[in-house]
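Residue-level listing of the chains:
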Amino acid sequence: MMIRVLELKGLSPLREHEIQSLSAEIESLKNPQTLSPTPRLDELREENAKLKYRLNILKRSLQEDDTDCSKSMMNINQRLQEVFGEAIRASCPELDNPPLAVTPNQQAKFGDYQCNSAMAMAQMLKAKGIKVNPREIAEKIIQNLSDNELIEKTEIAGPGFINIHLKRTFVSKLLSNLLINGVQPPPLASRKKVVVDFSSPNIAKEMHVGHLRSTIIGDSMCRLFEFLGYDVLRLNHVGDWGTQFGMLIAHLQDKFPDYLTISPPIRDLQAFYKESKKRFDEEEDFKKRAYQCVVKLQSKEPDFIKGWNLICDVSRREFQKVYNCLDIQIIERGESYYQDKMTEVVKEFEEKGLVEIDEGRKIVFVPGQPIPLTIVKSDGGYTYDTSDLAALRQRIFDEKADIIIYVTDSGQGTHFQVVFAAAQLIGWYNPQVTRVEHAGFGVVLGEDKKKFKTRSGDTVRLMDLLDEGLKRSMDKLKDKERDKVLTPEELTKAQSSVAFGCIKYADLSHNRINDYVFSFDKMLDDRGNTAAYLLYAFTRIRSIARLANIAEATLRKAAETTEVILDHEKEWKLGKCILRFPEILQKILDDLLLHTLCDYLYELATTFTEFYDSCYCVEKDRQTGEVVKVNMWRMLLCEATAAIMAKGFDILGITPVQRM
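Rules used throughout
Residues numbered from 1 in each chain as written. Predicted model: local features only at pLDDT ≥ 70, side-chain atom pairs only at ≥ 80, totals over all residues. Heavy atoms only, no water. Helix = DSSP H or I, 4+ residues; strand = E, 2+ residues; numbered from the N terminus. Buried < 20%, exposed > 50% of the residue type's maximum accessible area, 1.4 Å probe, protein only. Contact = heavy atoms within 4.5 Å. Areas by Shrake-Rupley, 256 points an atom, 1.4 Å probe, with all protein chains shown as cover. Phe/Tyr/Trp six-rings, centres within 6.5 Å; stacked < 30°, edge-to-face > 60°. Salt bridge = Lys/Arg side-chain N within 4 Å of Asp/Glu carboxyl O. pLDDT = per-residue confidence, 0-100. Pairing = 2+ DSSP bridges. Axes fitted to C-alpha atoms, helices over the stretch in contact; angles between N-to-C directions. 1 Å grid on protein atoms, 1.4 Å probe; cavity = no way out; pocket = protein on both sides within 12 Å on 5 of 7 lines; lining within 4 Å. Points joined across faces, edges and corners; volume = space filled by probe spheres on them. Nonpolar A, V, L, I, M, F, W, Y, C, P; charged D, E, K, R; others polar. Parallel < 35°, antiparallel > 145°, perpendicular 65-115°, else oblique. Polar contact = N/O pair within 3.5 Å; in protein donor to acceptor, adjacent residues only side chain to side chain.

A.B. asks: Lay out the overall build of the protein in plain terms, naming residues and giving numbers.
C.D. replies: When its secondary structure is counted, the protein shows 24 helices and 16 strands. Out of the 660 residues belonging to the protein, those deemed buried represent 48%. In the protein, once contacts between residues fewer than 6 apart in sequence are set aside, the share between residues at least 24 apart is 74%. Of the roughly 32,300 Å² that the protein leaves accessible, carbon and sulfur atoms contribute 48%.

A.B. asks: How would you sum up the packing of aromatic side chains? Please name residues and give values.
C.D. replies: This model, assessed by the stated rule, comprises 16 aromatic pairs. Ring geometry for W241 versus W308: centroids 5.3 Å apart, planes at 85°, classification edge-to-face. Of this pair, W241 sits in the loop between β6 (231–236) and α9 (244–255) while W308 sits in helix α12 (residues 302–326), and the two are 67 residues apart along the sequence. Each member of the pair, W241 together with W308, is buried. On the basis of an interplanar angle of 85° and a centroid distance of 5.0 Å, the ring pair of F518 and F520 is categorised as edge-to-face. Per residue, the accessibility class of F518 equals that of F520, and both read buried. Grouped by ring-pair contacts, the aromatic residues F227, F581 and Y600 constitute a single cluster.

A.B. asks: Explain the pattern of salt bridges residue by residue, including any values.
C.D. replies: Taken as a whole and assessed by the stated rule, the structure comprises 44 salt bridges. One salt bridge connects E206 with R461, and the closest N-O pair in it is separated by 3.0 Å. One end of the pair, E206, is in the loop between β5 (193–197) and α8 (209–227); the other, R461, is in the loop between β13 (444–445) and α16 (462–479), and 255 residues separate them in sequence. Residue R461 is classed as partly exposed on the basis of its relative accessible area, which comes to 29%. Where R223 meets D327, a salt bridge forms, and the shortest distance between an N and an O atom there is 3.3 Å. Residue R223 is located in helix α8, and its partner D327 is located in the loop between α12 and β7 (331–332); the two are separated by 104 residues in the primary sequence. Assessed through its relative accessible area of 14%, R223 is described here as buried. Residue classification places D327 among the partly exposed positions, given a relative accessible area of 38%.

A.B. asks: A description of the confidence of the model for the protein should follow, citing residues and the corresponding values.
C.D. replies: The predicted model of the protein has a mean per-residue pLDDT of 89, with 89% of residues at 70 or higher. Taken as a whole, residues 64–69 scores under 50 in pLDDT and shows 9 contacts with residues more than four places along the chain or in a different chain.

A.B. asks: Let's hear about the sheet that holds strand β8 (residues 356–358): which residues, and what values?
C.D. replies: Strand order in the open sheet formed by 3 strands is β8-β9-β10, with antiparallel pairing between adjacent strands. Edge strands, defined here as strands with exactly one partner in the open sheet, are β8 and β10 (373–376). Direction aside, the axes of adjacent strands within the sheet are offset by 45° on average. When β8 meets strand β9 (residues 361–364), the two strands line up antiparallel, connected through 3 bridges. From the neighbouring strand, E356 faces β9, where its bridge partner is I363.

A.B. asks: How would you summarise empty space enclosed by the protein if you had to cite specific residues and measurements?
C.D. replies: For the coordinates displayed, the defined rule picks out 3 cavities of 30 Å³ or more. Within this model, the largest cavity holds a volume of roughly 70 Å³. Together, E206, M207, E318, F319, V322, R461, L462 and M463 line the largest cavity. Mapped onto the lining of the largest cavity, the elements with two or more residues apiece are α12 and α16. A per-element tally of the lining of the largest cavity places α12 first, with 3 residues. In terms of residue class, the lining of the largest cavity is made up of 5 nonpolar, no polar and 3 charged.

A.B. asks: So what's going on with unusual backbone geometry? Which residues, and what values?
C.D. replies: In this structure, S199 is a non-glycine residue whose phi angle is positive, near 75°. Residue placement: S199 occurs in the loop between β5 and α8. Even without a glycine there, the phi angle at N549 is positive, about 60°. Topologically, N549 is positioned in the loop between α19 (531–547) and α20 (552–561).

A.B. asks: Tell me about the packing of helix α11 (residues 284–298) against α12, residues and numbers included.
C.D. replies: Packing of α11 against α12 brings their axes to within 8 Å, and their N-to-C directions diverge by 100°. As judged from the angle between their axes, α11 and α12 are roughly perpendicular. Of α12, the residues touching α11 (which contributes C293, K296 and L297) are F304, I305 and W308.

A.B. asks: Residues and numbers for the environment of R191, please.
C.D. replies: Relative to the helices and strands, R191 resides in the loop between α7 (168–181) and β5. The exposure class assigned to R191 is exposed, which follows from its relative accessible area of 61%. Note: C-alpha distance between R191 and L228 (37 residues apart in sequence) is 9.3 Å. Ignoring sequence-local partners within four residues, the contact set of R191 consists of G229, Y230 and D231. Of the polar contacts made by the side chain of R191, one reaches the backbone oxygen of G229; its length is 3.0 Å.

A.B. asks: An account of the environment of D591 is needed here, citing residue identities and associated values.
C.D. replies: Its place among the elements puts D591 in helix α22 (residues 581–591). For the pair D591 and A439, spaced 152 residues apart in sequence, the C-alpha to C-alpha distance is 9.0 Å. Within the structure, D591 has its side chain in polar contact with the backbone nitrogen of L593 (distance 2.9 Å).

A.B. asks: Explain the sheet that holds β7 to me, using residue names and the numbers behind them.
C.D. replies: Pairing is parallel across the open sheet formed by 5 strands, whose spatial order is β7-β6-β5-β11-β12. Looking at the sheet topology across the chains shown, the edges are occupied by β7 and β12 (435–438). When strand β11 (residues 403–406) meets β12, the two strands line up parallel, connected through 4 bridges. Note that in β12 the partner of I405 across the bridge is E437.

This is the structure we're talking about:
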């Protein structure tokens, strides 16, 4: 942890070396077994105390430099964990990896944060035959806290909880830093490469509501990693290869025999697919020809490659309509990309002696996994297992990815579990070094709690759903008579913002692991934890300065010269809530559950409402309506709230508008 902190702070090599040397010497002095009983023992202990004092001076200097100079937002929880981690280790050096638990306090009267480590430490000591009261351990921890920039006072409560009160001047300083420098991500120790595999529709089939969750969740994860400074590769692993293309090309040859010279006018690709599938199922001659087409396509004969490209291009144009609506940036790299790489995968597994023959198939059994992988079918063809192994191998070795995330429905969880286990078995990656994860999600349900379908029982087309969202959002805006105060251009922007923002937020605000009920009425409701409520709240906050006739330049100047005073309980509550943003992002980085950000934005909006109702920002003359007095530090709290909300919206892929 010490080295990591130093990396983050950008300390000079000389000071870094000095701290490391002092730390090493202190650690050696802590262990009496390494010291022979000599008259110098007392002298060495005294030296130990001096070294500790010197080390604390250096650390305090480092903290002050960091707080003064850093433009990044500080993760207060992480900083408290560093402070308490050192104190805990000093309090019980006999414990290996003592528990470290620091969390925000749920009740303001008990302080701002709480350290709950003492009880668990007492249990660990008890297991070693040492009986200690948790409150005594808590006392020791407090005694070993080094001087720091953020803690005002600590109190022990109950069986050994340590309540932590932050310094108001420190919180005020962090808010000023945010206002001056903007919402900057926490410092990154190293810029890691991240690959996110999401959306992944199938060529020749229209995107439907089943693709909605993967597209929205995957995009938001990419936005989070990008904001935090990672190098992100957004991949669309489309289904663009396989036996179905044989029947599609055969049908293309029959329906548009001049397709090589004149681009076929395929208007409805879904209908085209259904026609070819019907013929494949019912006409034996057509089926044989379809298989011949597959062989010629796999042999990369130019005419068949052209037919395949034509079909793919029609699909891409349809997919792009959805991506344009939802503002999705993604690079297509379909199954076809990995075809030539599959041979190497099979060869590598065979050379390692991991392949078994089962009724003509080549399979791989991974110890501890429920099912085997089929890497070659009995007819010599490859499978999804082979394709996904080849893709994973390419991402590890060619892309040199540090983090690889697959965003697909939870039904594919077992498949990815076995693929990842096989990749570890063959030695492609170490999970302690490379993070490879399946971010699964539940299905979309209709309001009848059954799988979301049209009245006729068909799967809902995604473009139909988005068009319906646009229609309903315009109806909602007109019900609120926004068409009477907004220009036509503003109204259209508000329509798109509400429609697509509400569709995204309804998905992201639910725990992705669970199924969720799709309801336009609920998602467009401007009460409760919805995008409609948050968008309206954000617009109101943004309008406060405008209605008070305060120019943006004036606010910028005030941020540099005005202290953000946090004397009122609602000011204090709002200030702390604003600064929890980096903690929220860190939690999502760990578990990839984006509903945490939605819950936080809702909490921030409601906390702001409490503040605004209790603390005047702008005082106006009741007769004339003229501004009489402006409370500038409260105006700055409004600005800081809006800045965090805007960045939160950006990570969720939601576009707010100035007026609604």
